[in-house]
Amino acid sequence: MIRLSIIGSGNVAQHLIKAFAKSEAIEIVQLFSRKKEALLSLIDEDKIATDLAQLTKPADLYVIAVSDNAISEVSQQLPFQNKLVVHTSGAAPLNSLHSKNRRGVFYPLQSFSKNKALDFSVIPMCLEAENISDFELLEQTAKAISNAVFAINSEQRKALHVAAVFVNNFTNHLYQIGQEICDENKVPFEVLKPLIQETAEKINILDPIDAQTGPAKRNDTNTIEAHLAFLTNENQKNIYKILTQSIQNNGKKL
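Residues numbered from 1 in each chain as written. Predicted model: local features only at pLDDT ≥ 70, side-chain atom pairs only at ≥ 80, totals over all residues. Heavy atoms only, no water.

What follows is about the nonpolar core. Membership of the largest hydrophobic core comes to 29 residues, with the highest contact counts inside it found for I6, L16, F20, F106, F120, M125 and I145. Of all the secondary-structure elements, those providing two or more residues to this core are β1 (2-7), α1 (11-21), β2 (26-32), β4 (61-64), β5 (84-87), β7 (125-129) and α3 (132-143). For F20, the residues in contact, after removing those within four places along its chain, are L4, I6, I26, I28, F106, T141 and I145. Within the second largest apolar cluster, 16 residues are counted, among which are I7, V74, F80 and L97. (Core = buried A, V, L, I, M, F, W, Y, C linked by side-chain atoms within 4.5 Å. Buried < 20%, exposed > 50% of the residue type's maximum accessible area, 1.4 Å probe, protein only. Helix = DSSP H or I, 4+ residues; strand = E, 2+ residues; numbered from the N terminus. Contact = heavy atoms within 4.5 Å.)

Following both chains from N to C, one finds helix α8 (residues 221-230) and helix α9 (residues 234-249) inclined at 160 degrees, their axes separated by 10 Å at the closest point. Taken as axis vectors, α8 and α9 run roughly antiparallel relative to one another. Crossing of α8 against α9: the hand is right-handed. Two secondary-structure elements touch here, α8 through T223, I224, H227 and L228 and α9 through K237, Y240, K241, T244 and Q248. Residues of the contact of α8 with α9, tallied by class, amount to three nonpolar, four polar and two charged. (Axes fitted to C-alpha atoms, helices over the stretch in contact; angles between N-to-C directions. Parallel < 35°, antiparallel > 145°, perpendicular 65-115°, else oblique. Left-handed = near helix turned anticlockwise from the far one by under 90°. Nonpolar A, V, L, I, M, F, W, Y, C, P; charged D, E, K, R; others polar.)

Here we come to α3. Helical periodicity: at 3.6 residues per turn, an α-helix aligns residues three or four positions apart in one direction. Relative to the 16 Å expected for 12 residues at 1.5 Å per residue, α3 spans 16 Å between its end C-alpha atoms, a close match to the ideal helical length. Within the span of α3, buried status applies to D134, L137, L138, T141 and A142. The buried side chains of α3 occupy one side of the element, clustering within an arc of 135 degrees when seen end-on. More than 90 degrees from the buried face of α3, the exposed residues found are I132, S133 and K143. (Expected span 1.5 Å × (residues − 1). Arc of directions from axis to C-beta.)

Okay, the side chain of N101 next. Relative to the helices and strands, N101 is located in the loop between β5 and β6 (102-108). By relative accessible area, which is 5% here, N101 ends up buried.

So, on to the side chain of H15. Mapped onto the elements, H15 comes out in helix α1. Since its relative accessible area comes to 8%, H15 is described here as buried. Filtering out sequence-adjacent residues up to four positions away, H15 remains in contact with F112, S113, K116, L118 and F120.

It is worth spelling out unusual backbone geometry at this point. Phi angles above zero are rare outside glycine, and N82 is one such case at about 60 degrees. Looking at the element boundaries, N82 is found in the loop between α2 (71-77) and β5. One non-glycine residue with positive phi stands out, namely K186, at about 55 degrees. With respect to the secondary-structure elements, K186 resides in the loop between α4 (154-184) and α5 (193-202). Taking the relative accessible area as the measure of exposure, K186 reaches 77% and is therefore exposed.

Another point: α9. Given a rise of 1.5 Å per residue, 16 residues ought to cover 22 Å, and the 22 Å separating the end C-alpha atoms of α9 matches this to within 8%. Those residues of α9 lying buried are Q236, K237, Y240 and T244. Looking straight down α9, one finds that the buried residues subtend no more than 100 degrees of arc, so they occupy a single side. Residues of α9 that are exposed and angled more than 90 degrees away from the buried face: I242 and N249. Taken together, the buried residues of α9 touch α4, α7 (215-218) and α8. With a side-chain oxygen lying 2.9 Å from the backbone nitrogen of N235, the N-terminal cap of α9 falls on N233. (Polar contact = N/O pair within 3.5 Å; in protein donor to acceptor, adjacent residues only side chain to side chain.)

Opposite charge on two side chains permits them to pair, given that their charged atoms come into close proximity. Taken as a whole and judged by the stated rule, the model has eight salt bridges. Note that D60 is salt-bridged to R3, the shortest N-O span being 3.2 Å. Note that D60 is positioned in the loop between β3 (48-49) and β4 and R3 in strand β1, a separation of 57 residues in sequence. A relative accessible area of 33% means that R3 is categorised as partly exposed. Of the charged contacts, one joins K193 and E190 as a salt bridge, the two residues approaching to 3.0 Å between their closest N and O atoms. (Salt bridge = Lys/Arg side-chain N within 4 Å of Asp/Glu carboxyl O.)

None of the figures reported here should be taken as evidence of function without further support.
Structure representation (structure tokens):
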């Protein structure tokens, strides 16, 4: 059984704790949160440390699941050396971890929201380590909760994280804009949800460039101009123009 400690109490940490708690291959020996009450619903109180100096229970792996800006400071304050310590960030380099411990990355590529349950078995786990034996331990740990485990180096992970911002964060922001337009014109946003679902499912069988439709793809200038004339919000109008131009610049004609 792999003994595990998790440092952090935010969305990523709590989702990982719940996922690992379900695995018979993992034993969570200790958690860290500056506010003990943040984790009381997930584990026995005596396993929660509120000071990094209290992380004294032996573990095979220490997972730092905190904000990117805090990774370096937290890893530097850990009260042990030559243990395997990993962070869960998509953007932070491996060397953001202090070199007094063996270093790695345990990056679950998913959007984590509070109180939204996730099926970890399908979440890609992107792993990196400085030596083969540490990678093998990370791989065993990842496979205890996921069926999608990948060796991804820091540069590849950086690319994945940027791509994820486009397909997830930016896309969700466009959903928000769409809802605002609907609300302003007293149209139920629910009407758009089947379209959103179909668009998302389509990339399972088509490359995005082949799935692209709409006035920009067709170069339907009359519709484009009508849409721009309809939009009164300058931010929405600028986003519409930028995305229209980007689609047209693909140069793939119908």
